[in-house]
Amino acid sequence: MILAIETSCDDSAVALLNSDGSLIISRISSQTELHKKYGGIVPEIASRKHLTTLPLLLRSVMESQNLNLTDLKAVAVTYAPGLIGSLLVGVSYAKTLGWMLGIPVVPVDHLEGHLLAPFLDNSEIRFPYLALIASGGHTHLIHAQKLGQYKLLGKTMDDAAGEAYDKVAKMLGFQYPGGPVIEQLAACCPESTIDFPVPLIGKKTLNFSFSGLKTAVRNEAIRQGVYIEGKRLISFFDYVEIGDPERKRRIADIAASFQKIMTTIITRRMTEALKKTRLKQMVVTGGVAANTGIRASLAQLAAQKGVRFFYPSTVNCTDNAAMIGYTAAQHLKAGKQSFESVLKLNASSKSPIGLMDITV
Ligand code: KG4
Ligand code: ZN
């Protein structure tokens, strides 16, 4: 049995998996409430919270299965990339367990975890496939050739897709995370009357850029008198309570127009990448893959091109430990993971070159 630990950002997560990678139990403790009032994640608060939450999560998953620590055969842990303080909490915890129990500790790259997350919910997916990892920290377009061999086709040159959602939501006065709020607002205002510019249009590239779009949204929000800076951040439910219908309509229109352009950008890049790679399977994963509008547009693209389309269940799109345990199980099965001394393992804020064999 494999214990998996994920603490790369603001969610503390623990999972138990069988050695074939099948999931037994996955639990996530979200820190969203804690960071909401700051409009983003505060790294110091995040790492302190992991420290108190991890032992409770571990106990709850072990007790739910009537297991003892001695039943564990390996510990999988996210060691990169992410917030260094947060990563260090998980890595120190895993090292201690590994050393104490005399079992291997398998370091997992968080991005590889997202890349393989669709396997948790789809038994039919096989390598090779085209994957878009779109999260709060990354926007990577990848040709996943086989386990451990991933070719980077394009990535964001500035903000990540999820970061763009979070920043736009904040401008409109909403709390972190921005993606779900923008999605709800867009559903209130399906007409979306503003044509935001498509970034990098006419350029032969599979890269992304979201910072110009963010500025365009900001200018529009200022023009319409709905830009918010340094004021109290609200939730979607507070928005429902806003009395002024014209103000509400403007906010929803900007959100819906932003949602529309994000869907267009992502769908165009996937279209170009499919053409270039001629792959017959595609995957969208990471927090932004929870967006139903983006999923629907990609499903339509896949149907048009005769390509199979997969994505993780919503809970496995955002950060979780199940994907970390699954990834470790695949490397263990392939016999590829080398185990140095458990105590030598360290965390890294950057994805180390080599593990994912990423080349542009
Ligand atoms: O993968 P994730 O949980 O953490 C990182 O590794 O970054 O992704 C979090 C990001 C946040 O930026 C959040 O706003 C975005 O995913 N997100 C969404 C949705 N749900 C979460 N973006 C768009 N639509 C959603 N429904
Ligand atoms: Zn993530």
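Points about the coordination of the zinc ion (ligand 2)
1) Next: Distances from the zinc ion (ligand 2) to its protein donors, namely His110 (NE2), His114 (NE2) and Asp319 (OD), fall within the range 2.0 to 2.1 Å.
2) Next: For the zinc ion (ligand 2), the four donor atoms in the first shell make angles of 94 to 140° at the metal, a pattern classed as irregular.
3) Next: Considered as a linear motif, the donors of the zinc ion (ligand 2) on their single chain read H-x3-H-x204-D. Taken together, the positions of His110 and His114, both in helix 4 (residues 110-116) and four residues apart, correspond to about one turn of that helix.
4) Next: Residue His114 is classed as buried on the basis of its relative accessible area, which comes to 1%.

Observations concerning the packing of aromatic side chains
1) Next: In this structure the tally under the stated criterion is 10 aromatic pairs.
2) Next: Taken together, the ring pairs connect Phe119, Phe127, Tyr129 and Tyr326 into an aromatic cluster.
3) Next: Directly above the aromatic system of Phe208 lies the positively charged group of Arg269, at a separation of 5.8 Å from the ring centroid.

Here we look at the layout of surface pockets
1) Next: In this structure, the largest pocket spans a volume of roughly 1,300 Å³.
2) Next: Only strand 3 (23-30), helix 1 (32-36), helix 4, helix 6 (161-171), helix 7 (178-188) and helix 9 (236-241) provide two or more residues apiece to the lining of the largest pocket.
3) Next: With six residues, helix 6 is the largest single contributor of residues to the lining of the largest pocket.
4) Next: When its residues are assigned to classes, the lining of the largest pocket shows 17 nonpolar, 20 polar and nine charged.
5) Next: Shared between two domains, the lining of the largest pocket takes at least three residues from each, and those domains are domain 1 (2-110 + 316-344) and domain 2 (122-311).

Brief notes about the domain arrangement of the protein chain
The accessible area lost on association of the parts is a frequent measure of interface size.
1) Next: What the domain assignment reports for the protein chain is domain 1 (2-110 + 316-344) and domain 2 (122-311).
2) Next: Here the C-alpha centre of domain 2 lies 28 Å away from the C-alpha centre of domain 1.
3) Next: Taken together, the contact pairs 15 residues of domain 1 with 13 residues of domain 2.
4) Next: Note on domain 1 versus domain 2: buried area summed over both sides is about 1,100 Å², and carbon and sulfur give 67% of it.
5) Next: At the surface where domain 1 touches domain 2, the tally comes to zero salt bridges.
6) Next: For the interface between domain 1 and domain 2, the tally reads one residue pair in polar contact (both at pLDDT 80 or more).
7) Next: The set of elements that each furnish at least two residues to the side of domain 1 that touches domain 2 consists of helix 1 and helix 13 (322-334).

Conventions adopted
- Residues numbered from 1 in each chain as written.
- Chains lettered and ligands numbered in written order.
- Predicted model: local features only at pLDDT ≥ 70, side-chain atom pairs only at ≥ 80, totals over all residues.
- Heavy atoms only, no water.
- Donors = N, O, S within 2.8 Å, 3.2 Å for Na, K, Ca; no water.
- Tetrahedral: all angles 85-135°; square planar, octahedral: opposite > 155°, others 65-115°.
- Helix = DSSP H or I, 4+ residues; strand = E, 2+ residues; numbered from the N terminus.
- Buried < 20%, exposed > 50% of the residue type's maximum accessible area, 1.4 Å probe, protein only.
- Phe/Tyr/Trp six-rings, centres within 6.5 Å; stacked < 30°, edge-to-face > 60°.
- Lys NZ or Arg CZ within 6 Å of the ring centre and 35° of its normal.
- 1 Å grid on protein atoms, 1.4 Å probe; cavity = no way out; pocket = protein on both sides within 12 Å on 5 of 7 lines; lining within 4 Å.
- Points joined across faces, edges and corners; volume = space filled by probe spheres on them.
- Nonpolar A, V, L, I, M, F, W, Y, C, P; charged D, E, K, R; others polar.
- Domains from an automatic or database assignment.
- Contact = heavy atoms within 4.5 Å.
- Buried area = accessible area lost by both parts, 1.4 Å probe.
- Salt bridge = Lys/Arg side-chain N within 4 Å of Asp/Glu carboxyl O.
- Polar contact = N/O pair within 3.5 Å; in protein donor to acceptor, adjacent residues only side chain to side chain.

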